[in-house]
Structures are given as C-alpha cells and as structure tokens.
Amino acid sequence: MILVNRLWFVCRTNKYPMKVLSAGKGERVILDNSKIYSVLLCKQCVQNFSKSVSVQSSKHLPFSRVFSGYVRHVLQCIRRPKSTNANSAPLKSSGNKSEKLEASKISKQEFKRLLGLAKPERWKLAGAIVLLLVSSTVTMAIPFALGKVIDIIYTEDSKQMKSNLNALCATLLGVFILGGLCNFGRVYLMNLSGQRITRALRERVFGSVMKQEVAYFDQNRTGELINRLSTDTSVVSQCVTMNISDGLRSTIMVCAGVSMMFYMSPELALVGLAIVPPVAGMAIVYGRFVRNITKRVQDSLAEATQVAEERIGNIRTVKAFSQEQREIQTYADRMQHVLELATKESLARGIFYGMTGLSGNAIILSVLYYGGVMVSDANITVGNLSSFLLYAAYIGVSLGGLSSFYSELNRGLGASTRLWDIIDRQPAIPCKGGLVLAEPPKGEVRFDQVRFSYPARPDCPILHDLQLTIPSGKVTAVVGASGSGKSTLAALLLRLYDPQHGSVTLDGVPVSSYDPVWLRSHIGSVSQEPVLFSGSIRDNIVYGAEHPENVSDNQVEWAAKEANAHTFITKEFPDGFNTIVGERGVMLSGGQKQRVAIARALIKNPRILLLDEATSALDAESEHLVQEALERIMKGRTVLTIAHRLSTIKNADQIAVLSGGRVVEIGTYEELMAECEGAFSKLVRHQTFQS
C-alpha cells in the first residue's frame, strides 16, 4: 500500500486500485557497524608503547621502569571492553578524548579549578566547616571521656565514683547535644550549597552548549550532551560539597586520633600505625584507576542516554517499522557495555575496601594484643587502653572515609574534565558581536565564489565556486536535484555555517561582519519540517520575536491571520492560542504546524524570507492554504525560496538552477523554458515539479 499526496504520482500507478490518504514522512535508522574498532585501539596502544620504549631506552632508564610502562600499556588495552554486538557503535565524545586514557596524577590546576566552583558559596561552606570542626571535636572527645568513665568506675571509693560519674555524664550530655546541632547545621549548609552549585554549573554548561555553532551539534550527539548536563554536573557538585565535607571530617578525625594515640602511648601508637603506609600506597594506585574508569563509565552512560533519547523521540518511526524489539536490544547492548565497565569498577572498589577493612582490623588486633601485655605490666591503665582502642577504631573508620573521599574526588575530576571541554569551548561562530545598523537592510544578497562542505563531512563538497545574486525585494526560486546544495544556501545566509572560500554578503557587507542577532532578526525562515516546542500556540508564535514578552495579542493575531492560521486556531481549538501543541507539535497536523511556523517567521516582520520547500510534505488542501499565505507574505520582501511547486516558480522574478554545487542556469521562467535542452527544461519534462 502506497500513501501519496502528489497527483502526478497517483497518475503513474494506475494498475492498482487506491484510496488517497494523508501523507507523512519517515526516518531511516542507520546503525554504525564498527567491528574492527577494538582491534584498531589495541594496535594504537602497541604503537604508543613502542614509541615509549624507544624513548626510555634512549635515556638508559632502568629495566624496571621500562617494564612497568609495558604493564601499564597492556592493562589499558585489556580494560577496553569488547563490543557486545555487531551493531554496537564505538563510544564517542567531544574530540574523541575518551579514547585516550591517561594514568596521570591529579593536576593541581584541575583540582584548584574544581574547588573554584564552590567560591560563590564560600561563606556558607565556611560556616559548615566551622560546624564540622566543632562536631568532629565532640566526636573525638568520646573515646577520651569513655576512658575516664572506666577509670572512675574502677575507683575504690564508690561515693566519690558516683559523684564524679554524674558530673562527667551531665557534661557529656550537653556536649553531645551541641555536637548534634552542629551536625544538623553542617549537613544543611552543605546540601544547600551543593544544590546551588549544581544549578550554577548546569546553567554554565547549558549556556555554553547554546552558544555553540550548528556544526558542533553535527558532531556531538544530543543524548551525550544531556548526560553531561544531568549526571556529570551532579557528580561534580557533590564532589566539592558533601565529599569535601566528609573528607575534611575524616582528615580531622585521623589527625586527632593519631595525636591522642601518641599522647596516651607512643609505643602502642607506632605498633598500630605500621600498617598505614602500604594502605596509602595502594590508595594512590587505586585512585588513578578509578579516575580513568570513571571517564569511561560516564562516556558509556552518555552513549546509552543518546540511544534512549533518539529512539523515544522518534517512537512513531520505530512503531511504523515494528522495530521495538530491535531498539530494546540495542539499548540492552549499550547497558551491557556500561555494566562491564561498572563491574571492573566494582571489582576494584571491592578489593580496595576489603584491603582497607582488613588493615583496620589488623590495627585493632595488634593494639589489643600489645595493649593487653602493657596492661599486665601496669604500663597503661584499662581506661586508657579502652580509649586507645576506640581511637584506633575511629581511625580505621576515618581511613575508610578518606579512601571514599579520594575515590569520589577522582570521580569528580573525571566528570569535570568533560564539563570543562564544553564550558571552555569557544564557538567558531559567536552568538553576538559585530555590526548593528540603525536601519533595516535593503535585502540584496550575494553569494560570491562560495565553496562549502559541512564540517562533519569535510571530504564531501556541497558548493563549488557558486555565484548568485538575489536582488532586493524580488523573489528568487532555487531549483535542483536533491543534494545539489539548495538548503545550504539558506544556512549560509543565516550564518549557521561559514563558507570555506568566498563570501556571502548582505547589502555588500559580508554576513560574518554583522551581529548574528541583528542579522537573524531581519530574516524569517520557514523550513520543510517545522519544529514546534511543547508549549502553547501563542508561545510558539512569539518565539520568533526578539523580545517575546513585549509582543501584544493583536500582533499575534495579525501574524496568525497572515499565515492563514487564525481560523483553525480560534474555531477548531477551544483554548484558542493557549492550546498546547505537544512535544514537537505532535497535536497539530502537518499543515497546521506549517502555518504556525509561518506566523512565527512573520511576527518579527522580517525584510528577508527563506522558504525551504515549505509545502512539499502537505496534502492538497493544506498546501493550498499554506501557499496562499506564502504568496501574501512574499510581497515587498526579498525572498529566497527553495521551490518544488510550478506555480511558485512561474511567479518568481528569477530562477536559479543548481547542479553539482554550481548555478548552471539563471533567468525567468520563460527564458529558461525557451532553452529546450537546458537543465531547467529537463527538470520540468521529468515532472520534478507539481502544478
């Protein structure tokens, strides 16, 4: 069964009985098949190692260092997971930096910049740290107080013992209440600061993303950017707030605990702390690994988010081709990849925390044994030994907290690297800045020897030394086969891209010299597939204005009437202009969306109009209404229309025929039709255009 909306196509299919229905457009799902990706990675790793060995050998370094470098490179190759499916695409991130794993030490500059995120909240954080010091002091006083209680209990005078015990417990109760209040304040201030930092960081990332040129989005997936905006920002903000707080608390407790241990018994303290150096060395190695694996986990999560966002956003296409199971499997493959990386991270965490736990227990066991011997020799009291054991236990718990702090710090650094890549990137085409004229432009556009290829496909030239002049106040129709570069002209005039050679000028001035905001405020654009936002019809119309909040209802109604949209908005929808259009305007038909898009382009009363095949996907009735609106709004404006309708072409002041990225013919309809063997005549004979 064929769904059509063009009469000429129906005429060609007279063999079969048909029922004419409305038409729509589908999308193709292209899967990138890269089976040899991991092999190439391993090959690259070996080549890098070979270079490293050559350099090290030339410097006459010891064999142990050369061998350790070999092991490190081999482990990096092993850690790269294999593709779980033939259709699984390799991970990609900004600049492909995720493919380069560097086992480097924590950069001081990177750490300083990470802490710089907390600068706006410094006073709240300072207050939280003061409260942290008080609560930590209270916590570390518990073992000492407990030791004193035990010594009091062992006092022979029971009456004096009860008196001292009551006084000590009353004091401790007040201290503990103070510690609880300080803990409350610390947690509240830290969480509040964390949420504010998360908000500020997300605003900075989103602001940077919005300022990037269109070519950036051709090379970076939407789902990956969303993952950076949601997941990475949370990880980083937690790193500089609660994680720093927990790390400081653990550091204070370790320092205070060690000091009290040496105060009570230096000999016993040396015995108990002998296990710390090897644990610290293991933590350094572990931290490097976690930092690298976290980058890879974040990249794989971004890949999975991209798959989910794209498939859910195009659910109608998925349903139309009954590809639900295939997409479920595709997402499962991505999540399997995430699981493989998370398994490695979990294994490392398990080994590390198991070793730190064993080390802490070893400290307690050694102290218990050696301390028992000292008590028997009357070198230490029972109370002091009990306090010492509690301090040792506190140190063990705090060392675990420090290892967690170090792990989370590396996770934060790994996530922040991705965010800095986005925040620091300067767009090739700025959002603002440049020439702003007091008067609107006349509208004469000229493409002079323009060569252009899309940045995502630099080896596929689109335009070759294109020469075209669009007179002011005239209608210029651009025709040609698919892929000849028609839509590219509109993108270059809007300065969504810059040509690699030649220039695009408006009134004799290169468009690159104008302020992009000023330039686009005088250009109205209506595309083949208009995109509406999930708000009301009014919100979508005023979106085209430079200052939407200043647009009056009369202006909105005028634009809707000019676009032939006022009737269906006011009569078919009970809520009128407040009707919600749904995500991407799914609650409206194709013709309704197109007319709302025309109203959006008209609301700023542009001097130049770009019409990119604005009626090619519509049924006959909708096409008539849209075409009537377009013919009305083209009067008195400079119009560049990418045409497919014969009546539009006939009424154009000039027609430019594109072929192979060049203008091969230009003239009026009568002039071009007079050339029987011309490119335009052939297009008409082959019924490329509809009447």
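Because the structure is a prediction, the values reported are computed rather than measured.

Enquirer: Lay out the overall build of the protein chain in plain terms, naming residues and giving numbers.
Expert: Assigned secondary structure in the protein chain consists of 24 helices and 10 strands. In the protein chain, buried positions account for 43% of the 691 residues. The long-range fraction of contacts in the protein chain, counting pairs at least 24 apart against all pairs at least 6 apart in sequence, stands at 78%. In the structure as shown, the protein chain presents an accessible area of about 36000 Å², 59% of it carried by carbon and sulfur atoms.

Enquirer: Describe the sheet that holds strand 2 (residues 463-470), listing the residues and the values that go with them.
Expert: Here 4 strands make up an open sheet; going across it, the order is 2-1-4-5 and the pairing antiparallel. Edge positions in the open sheet fall to strand 2 and strand 5 (509-510), since each of these has one partner strand only. This element, helix 15 (residues 486-493), spans strand 1 (445-452), strand 2 and strand 4 (501-506) of the sheet and lies at about 110° to strand 1.

Enquirer: Residues and numbers for the pairing of strand 4, please.
Expert: Sheet topology places strand 1 next to strand 4; 5 bridges connect them, and they run antiparallel. Bridging across to strand 4, R446 finds its partner in T505. With 2 bridges joining them, strand 4 and strand 5 adopt antiparallel strand pairing. Its bridge partner being in strand 5, T505 is matched across the sheet by P510. In this structure, the hairpin formed by strand 4 and strand 5 is closed by a connection of 2 residues, where D507 is found at a positive phi of approximately 55°.

Enquirer: Could you give me a rundown of the UniProt feature "transmembrane region" (unreviewed entry) in the protein chain, with the residues and numbers involved?
Expert: Under the present numbering, the feature "transmembrane region" (unreviewed entry) in UniProt falls on residues 125-145, 165-189, 270-289, 351-371 and 391-409. Between the end C-alpha atoms of residues 125-145 there is a gap of 30 Å, over a span that is 100% helix and 0% strand. Secondary structure across residues 391-409 divides into 100% helix and 0% strand, with the first and last C-alpha atoms of the span separated by 26 Å.

Enquirer: I'd like to hear about the sheet that holds strand 3 (residues 475-480), residue by residue, with values.
Expert: Judged by pairing direction, the sheet is mixed, and its 6 strands sit side by side in the order 6-7-8-3-9-10 without closing on themselves. Unpaired on one side and paired on the other, strand 6 (523-526) and strand 10 (662-667) mark the two borders of the sheet. Across the sheet, the mean angle separating the axes of adjacent strands is 20° when strand polarity is ignored. As judged from the 5 bridges shared by strand 3 and strand 9 (residues 654-659), these two strands associate in the parallel manner. From the neighbouring strand, A477 faces strand 9, where its bridge partner is I655.

Enquirer: Hey, could you go over the pattern of salt bridges for me, with residue numbers and the actual values?
Expert: Scanning the entire structure with this criterion turns up 8 salt bridges. One salt bridge in this structure joins R495 and D498, with 3.0 Å as the shortest N-O distance. By relative accessible area, which is 7% here, R495 ends up buried. One salt-bridge network, in which partners are shared between bridges, spans E121, K124 and R196.

Enquirer: Explain the packing of aromatic side chains to me, and be specific about the residues and the numbers.
Expert: Within this structure, the stated rule accounts for 9 aromatic pairs. Look at F452 and Y454: their rings are 4.9 Å apart centre to centre, the planes differ by 80°, and that puts the pair in the edge-to-face class. Measuring from centroid to centroid gives 5.1 Å for Y514 and W518, while their planes differ by 25°, and the two rings are stacked. Summarising the burial analysis for this pair, Y514 and W518 share the class buried.

Enquirer: With reference to specific residues and values, describe a nonpolar patch on the surface.
Expert: Taken together, the side chains of L347, I351, M355 and L358 present a nonpolar region at the surface, about 410 Å² in accessible area. Mapped onto the elements of the fold, L347 is located in helix 13 (residues 324-376).

Enquirer: Give a description of the pairing of strand 8 (residues 638-642) that names residues and reports values.
Expert: The buried fraction of strand 8 is high, at 5 of 5 residues. Across 4 bridges, the pairing between strand 3 and strand 8 is parallel. Among the inter-strand pairings, T476 is bridged to a residue of strand 8, identified as L640.

Enquirer: Can you explain unusual backbone geometry? Please cite residues and give values.
Expert: Positive phi, close to 50°, is recorded for Q449, a residue that is not glycine. Locating Q449 in the fold gives a position in strand 1. One non-glycine residue, N564, lies in the positive phi region at around 60°. By the secondary structure assignment, N564 is in the loop between helix 18 (553-562) and helix 19 (566-572).

Enquirer: Give me the lowdown on the confidence of the model for the protein chain, citing residues and values where you can.
Expert: On average, residues of the protein chain carry a pLDDT of 75, and 78% of them reach 70 or more. Overall, residues 1-106 carries pLDDT values under 50, and its contacts beyond four positions in sequence, including any with other chains, amount to 130 contacts.

Enquirer: Can you break down the nonpolar core residue by residue, with the values?
Expert: V479, I537, I541, I598, I655 and F680 are the most contacted members of the largest nonpolar core, which totals 43 residues. In this structure, V450, I462, L519 and A656 belong to the second largest nonpolar core, which totals 31 residues.

Enquirer: Give me the side chain of H522: which residues, what numbers.
Expert: Along the chain, H522 falls in the loop between helix 16 (516-521) and strand 6. By relative accessible area, which is 17% here, H522 ends up buried. At 3.3 Å, the side chain of H522 and the side chain of W518 are in polar contact. Not counting residues up to four positions away in its chain, the partners in contact with H522 are P440, P441, P606, R607 and I608.

Enquirer: Residue-level account of the packing of helix 6 (residues 158-211) against helix 8 (residues 222-240), with values.
Expert: Running from amino to carboxyl end, helix 6 crosses helix 8 at an angle of 145°, the nearest separation of the two axes being 9 Å. Handedness of the helix 6/helix 8 crossing: right-handed. Contact with helix 6, carried on its side by G194, I197, T198, L201, R202, V205, F206 and V209, involves L225, L229, S230, T233, S234, V236, S237 and V240 of helix 8 and no other residues of that element. Its residues assigned to classes, the contact of helix 6 with helix 8 comprises 9 nonpolar, 6 polar and 1 charged.

Rules used throughout
- Residues numbered from 1 in each chain as written.
- Predicted model: local features only at pLDDT ≥ 70, side-chain atom pairs only at ≥ 80, totals over all residues.
- Heavy atoms only, no water.
- Helix = DSSP H or I, 4+ residues; strand = E, 2+ residues; numbered from the N terminus.
- Buried < 20%, exposed > 50% of the residue type's maximum accessible area, 1.4 Å probe, protein only.
- Contact = heavy atoms within 4.5 Å.
- Areas by Shrake-Rupley, 256 points an atom, 1.4 Å probe, with all protein chains shown as cover.
- Pairing = 2+ DSSP bridges.
- Axes fitted to C-alpha atoms, helices over the stretch in contact; angles between N-to-C directions.
- UniProt positions renumbered as here; feature names shortened; annotations may be inferred.
- Salt bridge = Lys/Arg side-chain N within 4 Å of Asp/Glu carboxyl O.
- Phe/Tyr/Trp six-rings, centres within 6.5 Å; stacked < 30°, edge-to-face > 60°.
- Patch = residues over 30% accessible without salt bridge, like charges linked within 9 Å, V, L, I, M, F, W, Y side chains within 5 Å.
- pLDDT = per-residue confidence, 0-100.
- Core = buried A, V, L, I, M, F, W, Y, C linked by side-chain atoms within 4.5 Å.
- Polar contact = N/O pair within 3.5 Å; in protein donor to acceptor, adjacent residues only side chain to side chain.
- Left-handed = near helix turned anticlockwise from the far one by under 90°.
- Nonpolar A, V, L, I, M, F, W, Y, C, P; charged D, E, K, R; others polar.

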